[in-house]
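# Descriptive analysis of the structure
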Amino acid sequence: MEKNITVTTLFFSFAADRMNARQIQVPLAPGSTLGQLIEEQFVARLGPESQNWLFSVNQEWASRDLPLQDGDEVAVIPPVSGG
Amino acid sequence: MEKNITVTTLFFSFAADRMNARQIQVPLAPGSTLGQLIEEQFVARLGPESQNWLFSVNQEWASRDLPLQDGDEVAVIPPVSGG
Amino acid sequence: MNITRLITDPIDVNEALGAIADPECGAQVFFLGVVRNEFEGRASQGIFYDAYVSLAEKELARIATELHDAFDIRHLVLVHRIGDLPVGTASVLVAVAAGHRPDAFRAAKEGIDRIKARVPIWKREHWVKGPDTWHDDASASHDVE
Amino acid sequence: MNITRLITDPIDVNEALGAIADPECGAQVFFLGVVRNEFEGRASQGIFYDAYVSLAEKELARIATELHDAFDIRHLVLVHRIGDLPVGTASVLVAVAAGHRPDAFRAAKEGIDRIKARVPIWKREHWVKGPDTWHDDASASHDVE
């Protein structure tokens, strides 16, 4: 299928180090889910523990079965350590 | 017995109101205890609930069987309500 | 550093911040007691705090020692203001610095609980209507006029 | 009043005091988290705090709503500072005003617990010796050199 939508993915903390990027623009096929994006594009570099991390879409926590839309802002949220 | 020692008794809060005094000098017979002082001199005016109050001698919590010495500073401590 | 005292000037939170600052302490907890505009539903305009100052300061110091024994804390401020305090004024400050937050919270909670239970300080409420009354005075009328 | 935000300027306790002042509130509890000079026994010179600012501020606001629902409190400040903070600097402030102290203490404790558990903020430790490492990064070596 043609990859004619684009989402922005943000990385923080050691996820940014592992990706060597804070932000990546990813072309996707329409109907792709958050889970597909993570699995197909990022898990190899983020490491297997990233399967257990949280993710957000458009600044809101999101489940992996969420279909992504053109222009969405996805964020990869490794375990937090604020305080 | 001759009352040839003197103790100072301090009153606070509503105890001071009931005694109409913040401080009273009391002549006592040597060997008098704190309990005797309270019972004989003050309970009538402080009210029967004062039997359950705390007392101090020379800025330290004291039991009623403590013998008083000349110059002692006794304090009548009604239930506290700081904070 | 420990500070345990009765004061008549306003409580200074910034002084307490300085007193408990410590790079080994990741957690600071402050409790401030403030004079409320009512007590048990009756409007108040302030509180007069009476105290037996010498014994009260001894008791504050004793509570500080107990808290250091009971909790893993490094610095402690226990300050009570006395005299006439209008509504909205801070009357008591407990400040704790500890390595970690559980002990800081527990010590602060215990600190104010013990101050209220044991330190010889007494409140006289200046009601908006009717004569002043002492707290815990069984013979006083607390009826609203 | 509620304040929930991420900041880069120093945390201002006096601003929080002003924000939660209320004559109906007899109890104020403040928690300050401070950058420590060590972590798990290894000397540190400070922490860099990374954050996903937009989601972090939403999450702070959500925690504020939860705390108002769970406890009888009236005012709440939840502020986290981000960026490079040296040892001894305050990184997070929780301030609560309530009618009475039990709810003020519980809400402050819950507030910092929930911030640490859920708000997308991350610490990178500047060790005195050896390269910086992120907290909770399973692939990082935390060995002392």
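Now for a description of the structure that goes with this document.

Cut-offs applied
- Residues numbered from 1 in each chain as written.
- Chains lettered and ligands numbered in written order.
- Predicted model: local features only at pLDDT ≥ 70, side-chain atom pairs only at ≥ 80, totals over all residues.
- Heavy atoms only, no water.
- Helix = DSSP H or I, 4+ residues; strand = E, 2+ residues; numbered from the N terminus.
- Polar contact = N/O pair within 3.5 Å; in protein donor to acceptor, adjacent residues only side chain to side chain.
- Contact = heavy atoms within 4.5 Å.
- Buried area = accessible area lost by both parts, 1.4 Å probe.
- Salt bridge = Lys/Arg side-chain N within 4 Å of Asp/Glu carboxyl O.
- Pairing = 2+ DSSP bridges.
- Axes fitted to C-alpha atoms, helices over the stretch in contact; angles between N-to-C directions.
- Buried < 20%, exposed > 50% of the residue type's maximum accessible area, 1.4 Å probe, protein only.
- Phe/Tyr/Trp six-rings, centres within 6.5 Å; stacked < 30°, edge-to-face > 60°.
- Expected span 1.5 Å × (residues − 1).
- Least-squares fit on C-alpha atoms with pLDDT ≥ 70 in both.

### Notes on the side chain of Glu59 of chain D
Note that Glu59 of chain D resides in helix 2 (residues 53-70). A polar contact is formed between the side chain of Glu59 of chain D and the side chain of Arg62 of chain D, at a distance of 2.7 Å. In this view, Glu59 of chain D contacts Trp61 of chain A together with Arg118, Val119 and Pro120 of chain D; residues no more than four positions away in its chain are not counted.

### Section: the interface of chain C and chain B
Between chain C and chain B, the contact holds 26 residues from the first and 21 residues from the second. Counting the surface lost from both chain C and chain B, the interface buries some 2000 Å², and carbon and sulfur atoms represent 52% of this. There are 4 salt bridges connecting chain C and chain B. Its salt-bridge partner being Arg22 of chain B, residue Asp50 of chain C comes within 2.7 Å of it at the nearest N-O pair.

### Focus: the environment of Ala44 of chain A
By secondary structure assignment, the location of Ala44 of chain A is in helix 2 (residues 34-46). In sequence terms Ala44 of chain A and Val26 of chain A are 18 residues apart; their C-alpha atoms lie 16 Å from each other.

### So, the sheet that holds strand 4 (residues 73-77) of chain A
Residue and element names in this part refer to chain A. If you trace the 4 strands from one edge of the open sheet to the other, you get 2-1-4-3, paired in mixed fashion. Each having just a single partner strand, strand 2 (23-28) and strand 3 (54-57) make up the two edges of the open sheet. Between one strand axis and the next, the sheet turns through 25° on average, direction left out of account.

### Some points on the sheet that holds strand 7 (residues 90-98) of chain D
Strand order across the open sheet formed by 8 strands is 1(C)-5(C)-7(C)-2(C)-2(D)-7(D)-5(D)-1(D), with mixed pairing between neighbours. Two strands bound the open sheet, and with one partner strand each, they are strand 1 (2-7) of chain C together with strand 1 (2-7) of chain D. In this sheet, neighbouring strand axes are inclined to one another by 5° on average, regardless of whether the strands run parallel or antiparallel. Bridge count for strand 5 (residues 73-81) of chain D against strand 7 of chain D is 7 bridges, and the pairing is antiparallel. Across the sheet, Val77 of chain D pairs through a bridge with Ala95 of chain D, a residue of strand 7 of chain D. Its contacts with the sheet put helix 2 of chain D on strand 1 and strand 5 of chain D, and the angle it makes with strand 1 of chain D is roughly 155°.

### Quick look at the interface of chain D and chain C
Facing 28 residues of chain D, the contacting portion of chain C comprises 28 residues. Counting each side, the surface lost to burial between chain D and chain C is near 2500 Å², with a carbon and sulfur contribution of 59%. When the area that chain D buries against chain C is broken down by residue, the three leading residues are Arg36, Arg101 and Phe105 of chain D, summing to 25%. Our count for the chain D to chain C interface comes out at 2 salt bridges. Arg101 of chain C is the salt-bridge partner of Asp113 of chain D, the closest N and O atoms lying 2.8 Å from each other. Our enumeration of links across chain D and chain C arrives at 14 residue pairs in polar contact (both at pLDDT 80 or more).

### Thoughts on the pairing of strand 4 of chain A
Residue and element names in this part refer to chain A. Most of strand 4 is tucked away, with 4 of its 5 residues classed as buried. Taken together, the 4 bridges between strand 1 (residues 5-11) and strand 4 define a ladder with parallel strand orientation. Bridging across to strand 4, Leu10 finds its partner in Ala75. For strand 3 and strand 4, the ladder comprises 4 bridges, and the chain directions are antiparallel.

### What about the packing of aromatic side chains?
Here the structure, examined in full by the defined rule, presents 12 aromatic pairs over all chains. Pairing Phe48 of chain D with Trp134 of chain D gives two aromatic rings, centres 6.3 Å apart and planes at 70°, and the pair type is edge-to-face. Separated by 86 residues along the polypeptide, Phe48 of chain D in strand 4 (residues 42-51) and Trp134 of chain D in strand 9 (residues 133-134) bring together distant segments of the chain. Accessibility expressed as a relative area gives 5% for Trp134 of chain D, which makes it buried. Following the ring pairs from residue to residue traces out a cluster consisting of Phe12 of chain A together with Tyr52 and Trp122 of chain D.

### Re the pairing of strand 5 (residues 73-81) of chain C
All names here are of chain C. Burial analysis of strand 5 places 8 of its 9 residues in the buried class, which makes it a mostly covered element. In this structure, strand 1 lies alongside strand 5, joined through 6 bridges in parallel fashion. Among the inter-strand pairings, Leu6 is bridged to a residue of strand 5, identified as His80.

### Considering helix 3 (residues 101-118) of chain D
An α-helical segment advances 3.6 residues per turn. Residues three or four places apart therefore align on the same side. Between its first and last C-alpha, helix 3 of chain D extends 26 Å over 18 residues, near the 26 Å set by a 1.5 Å rise per residue. Every buried residue of helix 3 of chain D is accounted for by Asp103, Ala104, Phe105, Ala107, Ala108, Gly111, Ile112 and Ile115 of chain D. In this structure, the buried residues of helix 3 of chain D make contact with strand 2 (27-34) and helix 3 (101-118) of chain C together with strand 2 (27-34), helix 2, strand 5 and strand 7 of chain D.

### As for the relation of the copies chain D and chain C
Least-squares fitting of chain D to chain C yields an RMSD of 0.0 Å, with the superposition described by an axial translation of 0.0 Å and a rotation of 180°. Here the transformation between the copies is reduced to the relation of a two-fold axis. For chain D, the minimum C-alpha distance to the rotation axis belongs to Phe30 of chain D and amounts to 2.5 Å.

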